[in-house]
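A closer look at the structure
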Amino acid sequence: MKKLLLLLTLMVLSASAYAADITKSNPDASKECSFCHYEWMPQFLYDLKGTEVVSYQKEKVVASSKMCYSCHNGTVADSRIKVWSGGMHKLSDKIPEHMKIPNNLPLDKGKIACRTCHSAHSTGDPKNDKVDKSIFLRMENTNSELCMACHKDIGHDGNISHPLKAPESGYEGMAAAVKSRYGKLGSKGQVVCESCHAPHSPKGEKLLIEPLEGGKVCGVCHENVVDSESGEYVKGLLNHPVNVKHGRQAEMQAMINDGGKYGKDGKVICSTCHSTHKAKAEGLLVEANTDNKLCYACHNNKKEIVGGKHDMLTAKGFRTKDGKSAQQVGTCQSCHAPHGWSVSLAGDGDLLTKGCVGCHSEGGVANKKIIDTKKFNHSVGKVLKKDMQKDERLPLFQKIVRFFTTLGSSESKTEITCATCHDVHGKEKNSLRVDAANGKLCVTCHKDKEMIAKTSHGDKKNEKSCLSCHKVHNSDSERLLIVAENDGCLDCHKVGGSGEKKLIGAHSHPVNMKTKMKMTGDFKTTKDGTFTCVSCHDPHKASKKGTLDKDFLRGGFADQDSFCSTCHQTQKEIAGTDHDMRKKDSDPVCASCHSVHNAKTDVNMMTVDYAYKTKDDNCIACHNPKGAADKKAVSGGHKMGKIEAHNKYKYLTQKDSEYYIYCSTCHTVHNNGPKKGDEGTIQNSFLDKKITSVNGNFCAGCHEDQKTLTTSPHNVQKFEKNTDRVVKLKASNDTCGACHEVHGDGGYYLFSKSYGKDFEKICSSCHNTDGIASKTAITSSHKMNVKPKKEMNIYLQDGNIVCATCHEPHGPEKGMLRDMGEKNICFACHADQKLVDMTKHNLSKLDYLSEKDKKKAAANVCYACHTPHNFHKENRLMWAYKQDGKTPFSFEMCTDCHKTDGVGYKKIPEKITHDRIFKIFPYREKFKENLFDDSGKVSAEGSITCQSCHNPHVWKAGTMEAGASAEGDLTNSFLKKDVKSKFCSVCHGETQAKDLFEKYHDKKFRDNRSQLNKKMLETEVLRNLFEIQRNLEKIEGQK
Amino acid sequence: MKIKIFAVFLLFNIAVISDAATVTASLLYKVQLRGNAAPADAVVESDSSTGIYDAFTGSYTVYRNGKAVRSTQKGFLKGGTCLVKSGNYFLFCNNTDNTLDMLTGGLDKFSSFGGAGKGKYDPTDAVVSGGYVYSADNDNHRILKTHMGTKAVEATVGGYGQEKLQFWYPFAMAIDKKGVLYVSEALGTRVQKVTKDFKFYEFIGQWGIDKGQFYRPTGIALLNGEILFVGDGFTGVIQYFDPDGKYMGVLKDKSGKKLKFESITHMRINGRYLAVVDGFGRSVSVYELRGAK
């Protein structure tokens, strides 16, 4: 047991002592070398054994891949991306026999290793050189010296290798593209091995900086050929496609035999034609293209071109865009260059078109068959329409930039090109793929046009074919017509033409114009919306159907009316109305009046015989005493033709800056008519509904200023008396028809002509005791048919006052008085009486009246004394009060109020009448302004009346004083100016006149005077007479 | 008799010490990548499924029991050196853009951290603790402490050298349960422990090939937050150390055979699962660790 314990203790102590010893013998000083020379670690070097951690390392591991990787594995920064996370130059493969590795590039056990190229002790100065020069290479490699040291066979043995020269242009871009992929250019900017190959982290096989597949690596420099990112060949530059499958195995094998390579799945790549290091001909071609051998290797089916019109070897004067002859470049390369066409391009459109037009243009080698691209040619560069038939004989192509890739492909979006119809490599006439005779070529795609054979347009007896009307190239018509005008129709449909049986007359449906009509898909306008013959007609179509016995009509219509009304939709309403002129139901409605191609009129294509002069004659042709609508003959009525005040009215027709009203302004002819045989009303007499819809009243559609009639007492609906006519008018809501007859005898304002222009007659035709408006019958009125004394802006008829001067017959209010801008319409003319409004004669200002009476009086202050209508015929001044006949009017008129039961009862004069002045009074004529006869008229024969001294409209003469609330005195009280001094004093002398004037209305004074005896009175009279005499002489003398 | 008792006691203790100190690894599965793949990092989950980050393709592929279950590829992931999972997001050492990127679970970038001062930031590993991310700035030979919210670099430590708080290509990082940072130095051939406020704590190992010595220390990982595993980029062995930095042994399988790799880059531990990334061998091996409970 003791032995066991001792042994255990010794074992533990021994192990500890050993570990401490090794640590001492392994100082950091050795680290610098053994950092890579692992085998020099002290335990290996001195003790020739491993440790508890690692095994003994006898063999050299310095510069082994693993040793290099132990640092260059991402744990140090300097080579992280380039070395660690990518592939690298082959290391372990066996060295090929032909390759001799120089002695200064050591192998590792006969194989390539990191050390073969690199040495930690070798060239480069990591502190001062850039990384690309300090990668510890064993020899200089600026210009691929290191690479070429082993790869000596490149460019030898009769092979042509990629030129190692600087690009002629675009160095900067190329250098950047190469460098970004860890490649580089040489010291003089030339291509070197590392321009394409990278020993570390290459993206492609064979250490290529981009994959060979798809030619990506080529595209790094040849950026105009292949896109190095996508591997797509650059489009738009007519590069031969790469990454497209070549399906014909035999042709592929021929290329492979020549040294060409295909990509995955047999795709064509750059290396199919080119070899970077083993090329046999110029352009790094795997085989010289002598006699087009290289082209025919794949494109064997194009050989037929040889000797044909498109073999440029047979064309005189042909030159490529580089000025080379066909003999210099050969048949294929006369037009094609694998990276851009040889032939000069011309014109617009897709590149194939440009290629064809390059020769088929003025100055081109094929100038006898020019394609004028400024004219219309069969579409190219477009997708086949959905309704068109694909046919393998006429191949479609993708855009020309992908031309070679999509030949015959049905999967891609394909387009029509020149080569769809023409096979330039073939030998058929015009290089057409299908014979054009009898339309064979055309109907291959245009299947829907085949039906023309069933029509007169496809009559084989007449040798009609597509090319009878169409030309495929150089047409003046978008529809590729031989004759563009009128779609070429009239070229045949003319006298002497092949279509003269169907002549188009002088008056036909309009064509070559823009239409606002909403056309259905059955019809067709040009691209710019122009309506033409073929808008209605499809010249290829058989369309006989139902009662429609015509070909070439678009749409599948069974009768002619359906055809017309597709566009003229609203016109179909005519059926069953009075304007439906069919003799029997099976007849077409439209054709009863219209002829589409052989009408009598240019406008509306009418067929009725008539001496048409104006547009209205289209209606008058029937609506005349001898016409079909003789019962509705129109001879007068509403104004027609040119309208001067056109701004007032809508719906007028404008022509040459003038405005016109026609029948069609109101009538729609085809719409809104009464049923056949029914009498029309204002609602349905073919009147345009849209006019009615504006103001709810047809007439008010234009006569907007009269639309107040709706709420006017003159609206027939408000008529109380229901005569037969009124009932009828009410039923049709013919509000205007009560007074106006649109198609009547054309009287004034469309009243009956029998009234002439006399408004009194016109108005009283209803406003009489027996009339419709008997309740408002007029027996007497304000003076009419007289001219106002001064010029005023009021409604006058020929300068005279008429009913309508005061009344607006369409006005909405009771009385329908015009708004003349005055509170009181009377003041509009009687302005000098306006002041009455401020006086006590404005009864509304009398505080003792009831509110009701005040309100009534306020409505029109004049009506206190005057009334405009129905005053007593013997009354003057439209006096409102009926006279008792006992006292003359001029003496009674004021007492109508100023009486005990009158409204002026508070101001009743004690004595109303002045003594009658002598008839022999010599100055009557001189003072007649103050004298009035019994009827109240100013008269030298008259008497002194109230009016002699008073003006009832002015409270204080010569002032604007109101007086409505003032008590009167000798200066106001409606007294005329200077009555006392200029009139009373004539007889009474100034002194007496004063007394008398002041006491004139004083009963007491006058009664006292009546107590005077006769002598005294006579004396007074005489004295007065003398006084008068003296005063008059005085007045005379003053003159 | 006393001697007998002492002998039994001694043997018993030796056995106990041996069990406690020995860690063995049982291979669960190994993922061998093909072609130019450059496995750079791995994320081992608690169920042993492991995501492998391939720096060549820029892909991240999750394997369960050795079989790929899902894969994500992002262009920006090419050429990186670490992909560390922290909670529900990833930290990505973006050595192309010279940033440390935060990625969503779906590997979409949502935030980036930059470096500080001169020199392009060159992160090769990172750990997250207390709202900060600590990263190894390889090419600048230093460690950065960056606030995760403000993205501000609040402290740096290091610079080229072999003294304390100097580094020579710091590569991998780990943090123990005490919060001490471990940094492997690929060419410094040691593991340096520093506190989170960047004070020197201790060195583990030195240049050499014997026990506790390193030839090319690269990947490091902590078992239970205390036992340090250090992988070697050339010798391909893994050594492990106790919390005091004392060498405990070379990681072996249960038959006693040393685990040997071509060239270890990163190593990651989750629970008892260890993922070893072998860059040169283009493989990732996942082990279950036993012992050292």
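Residues numbered from 1 in each chain as written. Chains lettered and ligands numbered in written order. Predicted model: local features only at pLDDT ≥ 70, side-chain atom pairs only at ≥ 80, totals over all residues.

Moving on to the overall build of chain B. Within chain B, the secondary structure is distributed over one helix and 26 strands. Buried residues in chain B amount to 49% of all 293 residues. Partitioning the contacts of chain B with sequence separation of at least 6, the portion at a separation of at least 24 is 43%. (Helix = DSSP H or I, 4+ residues; strand = E, 2+ residues; numbered from the N terminus. Buried ≥ 20, exposed ≤ 12 C-beta atoms within 10 Å, placed from the backbone. Contact = placed C-beta atoms within 7 Å.)

On to the overall build of chain A, then. Scanning chain A for helices and strands turns up 36 helices and nine strands. Burial status across chain A gives 27% buried among its 1039 residues. A separation of at least 24 residues holds for 41% of the contacts in chain A among residues at least 6 apart in sequence.

All names here are of chain B. In space, the four strands of this open sheet follow the order E10-E11-E12-E13, with antiparallel pairing throughout. Where the open sheet ends on each side, the last strands, each with one partner, are strand E10 (123-129) and strand E13 (153-158). Taking each pair of neighbouring strands and ignoring which way they run, the sheet shows an average axis angle of 20°. Note: strand E11 (residues 132-137) against strand E12 (residues 142-147), six bridges, orientation antiparallel. Across the sheet, residue Asp137 finds its bridge partner in E12, namely Arg142. (Pairing = 2+ DSSP bridges. Axes fitted to C-alpha atoms, helices over the stretch in contact; angles between N-to-C directions.)

Another point: the environment of Thr124 of chain B. Residue and element names in this part refer to chain B. When you line up the elements, Thr124 lands in strand E10. C-alpha of Thr124 to C-alpha of Ser135: the two residues are eleven residues apart in sequence and 7.4 Å apart in space. If sequence neighbours within four positions are ignored, Thr124 has contacts with Thr81, Cys82, Cys93, Ala136, Asn138 and Phe171.

Ala126, Met173, Ile220, Leu228, Leu274 and Ala275 of chain B are the most contacted members of the largest nonpolar core, which has 92 residues in total. In terms of residue count, strand E25 (residues 273-278) of chain B provides more of this core than any other element does, five residues in total. If you look at the next biggest cluster of nonpolar residues, it comprises 22 residues, including Val178, Val191, Ala198 and Ile269 of chain A. (Core = buried A, V, L, I, M, F, W, Y, C linked by C-beta atoms within 7 Å.)

It is worth spelling out the sheet that holds strand E9 (residues 658-661) of chain A at this point. All names here are of chain A. On the basis of which strands lie adjacent, the open sheet formed by three strands has the order E7-E9-E8 and antiparallel pairing. Where the open sheet ends on each side, the last strands, each with one partner, are strand E7 (641-642) and strand E8 (653-655). Bridging between E7 and E9 involves two bridges; their strand directions are antiparallel. When the bridges of E9 are listed, Lys642 appears paired with Tyr660.

So, about the pairing of strand E5 (residues 67-73) of chain B. Look at any regular strand and the pattern is simple: side chains alternate between the two faces of the sheet. Residue and element names in this part refer to chain B. The element E5 is barely covered by neighbouring structure, given that only zero of its seven residues are classed as buried. Of the strand pairs in this sheet, strand E4 (residues 59-64) and E5 are connected by six bridges, and their pairing is antiparallel. Bridged to Tyr60 within E5 is Thr72. Between the end of E4 and the start of E5, which pair antiparallel, lie two residues, with Asn65 showing a positive phi angle near 50°.

The next thing to look at is unusual backbone geometry. All names here are of chain A. Of note in this structure, Leu750 is not a glycine but carries a positive phi near 60°. With respect to the secondary-structure elements, Leu750 resides in the loop between helix H26 (724-731) and helix H27 (759-764). Judged by C-beta crowding, with 21 C-beta atoms within 10 Å, Leu750 ranks as buried. In the Ramachandran plot, Phe974 falls in the positive-phi region, its phi being about 60° despite a non-glycine side chain. Relative to the assigned elements, Phe974 resides in the loop between helix H32 (946-949) and helix H33 (979-988). For Phe974, a count of 22 C-beta atoms within 10 Å puts it in the buried group.

As a note on interpretation, predicted positions should not be read in detail where pLDDT is low. Residue and element names in this part refer to chain B. Averaged over all residues, the pLDDT of chain B equals 91, while 92% of them reach at least 70. Here residues 1-20 is modelled with pLDDT under 50, and outside its nearest four sequence neighbours on either side it reaches seven contacts, counting other chains as well. The complex model carries a pTM of 0.52, and its ipTM stands at 0.90. (pLDDT = per-residue confidence, 0-100.)

Residue and element names in this part refer to chain A. For the pair H33 and helix H34 (residues 990-999), the least separation of the axes is 8 Å and the interaxial angle reads 110°. Between H33 and H34, the interaxial angle falls into the category roughly perpendicular. For the element pair H33 and H34, the recorded crossing hand is right-handed. Contacts from Lys980, Cys984, Ser985 and His988 in H33 reach Glu990, Gln992, Ala993, Lys994, Leu996 and Phe997 in H34. Taken together, the residues of the contact of H33 with H34 sort by class into four nonpolar, three polar and three charged. (Parallel < 35°, antiparallel > 145°, perpendicular 65-115°, else oblique. Left-handed = near helix turned anticlockwise from the far one by under 90°. Nonpolar A, V, L, I, M, F, W, Y, C, P; charged D, E, K, R; others polar.)

All right, on to the pairing of E4 of chain B then. Residue and element names in this part refer to chain B. Bridge analysis of strand E3 (residues 50-54) against E4 gives five bridges, and the strand direction is antiparallel. Across the sheet, the residue bridging to Gly51 is Val62, located in E4. Where E3 folds back onto E4 in an antiparallel hairpin, the turn is made up of four residues, including Gly58, whose phi is positive at roughly 70°.

With that settled, consider the environment of Lys429 of chain A. All names here are of chain A. Relative to the helices and strands, Lys429 is located in the loop between helix H17 (418-421) and helix H18 (440-445). Looking at Lys429, the number of C-beta atoms within 10 Å reads 9, which means it is exposed. As a C-alpha pair, Lys429 and Lys309 span 120 residues in sequence and 10.0 Å in three-dimensional space.

All names here are of chain A. Across chain A, the average pLDDT comes to 82, with 90% of residues at or above 70. Note that pLDDT drops below 50 for residues 1-29; the model gives that stretch 14 contacts with residues more than four away or on any other chain. Predicted confidence for residues 399-412 stays below pLDDT 50, and this span has 28 contacts to residues more than four positions away or in other chains.

Let us now look at the environment of Gln213 of chain B. Residues and elements named next belong to chain B. Position of Gln213 relative to the elements: it lies in strand E19 (residues 213-214). Along the backbone, Gln213 and Val191 are 22 residues apart, and their C-alpha atoms lie at a distance of 10.0 Å. Gln213 has contacts with Gly205, Gln206, Trp207 and Gly208, leaving out every residue within four places of it along the chain.

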